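The chain contents come next:
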Amino acid sequence: MSPTDHYRSLERMYAAAPLNKAFYHPTMTVEEGRATIEMVLAEHHHHSGGAAHGSVYFKMLDDAAFFAANSLEHETFVLTSSFTTYLLRPVVQGTLRSEGRVVNIGKTQFVAESVLYDEKGREVGRGNGVFVKGRTPLAEATGYAPPIP
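Just so it is clear, the model here is predicted, and its values are computed rather than measured.

What follows concerns the layout of surface pockets. Estimated volume of the largest pocket: approximately 250 Å³. Lining of the largest pocket is provided by 16 residues; of these, M13, A17, F66, F67 and F77 occupy positions nearest its centre. Breaking the lining of the largest pocket down by element, the ones donating at least two residues are α1 (3-16), α2 (54-70) and β3 (76-87). With 5 residues, α2 is the single largest residue contributor to the lining of the largest pocket.

This paragraph deals with the packing of aromatic side chains. A full pass over the atoms with the stated rule returns 6 aromatic pairs. Arranged with centres 5.4 Å apart and planes meeting at 80°, the rings of Y14 and F67 form a pair that is edge-to-face. On the criterion of sequence distance, the pair formed by Y14 in helix α1 and F67 in helix α2 is long-range, its members being 53 residues apart. For the pair Y14 and F67, one class covers both residues: buried. These aromatic residues form a ring-pair network of at least three members: Y14, F58, F66, F67, F77, F83 and F131. Its guanidinium or amino end placed over the ring of F23, K59 lies 5.2 Å from that ring's centre, counting from NZ or CZ.

With that settled, consider the packing of α1 against α2. Between α1 and α2, the least distance of the axes is 11 Å, while the angle of their chain directions is 150°. What the angle tells us is that α1 and α2 run roughly antiparallel. α1 and α2 meet at a crossing whose hand is right-handed. In contact with H6, L10, M13 and Y14 of α1, α2 contributes K59, D63, F67 and N70.

Inspection of the entire model under this criterion finds 7 salt bridges. The shortest N-O distance in the salt bridge between E11 and R8 comes to 2.9 Å. You can see E11 and its partner R8 sitting in helix α1, 3 residues apart, about one turn around the helix. Among the salt bridges present, the one from D63 reaches K59, with a minimum N-O distance of 2.4 Å. Taken together, the residues span about one helical turn, with D63 and K59 both in helix α2 at a distance of 4 residues.

The rules behind each value
Residues numbered from 1 in each chain as written. Predicted model: local features only at pLDDT ≥ 70, side-chain atom pairs only at ≥ 80, totals over all residues. Heavy atoms only, no water. 1 Å grid on protein atoms, 1.4 Å probe; cavity = no way out; pocket = protein on both sides within 12 Å on 5 of 7 lines; lining within 4 Å. Points joined across faces, edges and corners; volume = space filled by probe spheres on them. Helix = DSSP H or I, 4+ residues; strand = E, 2+ residues; numbered from the N terminus. Phe/Tyr/Trp six-rings, centres within 6.5 Å; stacked < 30°, edge-to-face > 60°. Buried < 20%, exposed > 50% of the residue type's maximum accessible area, 1.4 Å probe, protein only. Lys NZ or Arg CZ within 6 Å of the ring centre and 35° of its normal. Axes fitted to C-alpha atoms, helices over the stretch in contact; angles between N-to-C directions. Parallel < 35°, antiparallel > 145°, perpendicular 65-115°, else oblique. Left-handed = near helix turned anticlockwise from the far one by under 90°. Contact = heavy atoms within 4.5 Å. Salt bridge = Lys/Arg side-chain N within 4 Å of Asp/Glu carboxyl O.

See the structure below:
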């Protein structure tokens, strides 16, 4: 499978994840060592104070960093080993965009960071994590499939 086919397969895998239904089907693009995710924030993502819950920040940041890492691993599903999230400002509405990139590659792990932006381009969150090669072949992951010729 070519690198481009791998990136598209990762995008299909992300779209097929059952969890993403609760987040109103965010979209993702992947390239070598990078991933970008966009999602429209809805009221059901709010905590009782009327702004986005921290779990939304975490998901957007972790997913972008995770898929940036998995873009460089073509055989197995990577796993989040640790992830630190920084919530910088509240967001109530609009489209969120997270951008992840790999900053270090080891023999068995990747270090990636991500930034979350509101629709005005303001940084609202930041995260970094360590991702390790798992044992599950990507071919067995829901939605990951080679393109149809």
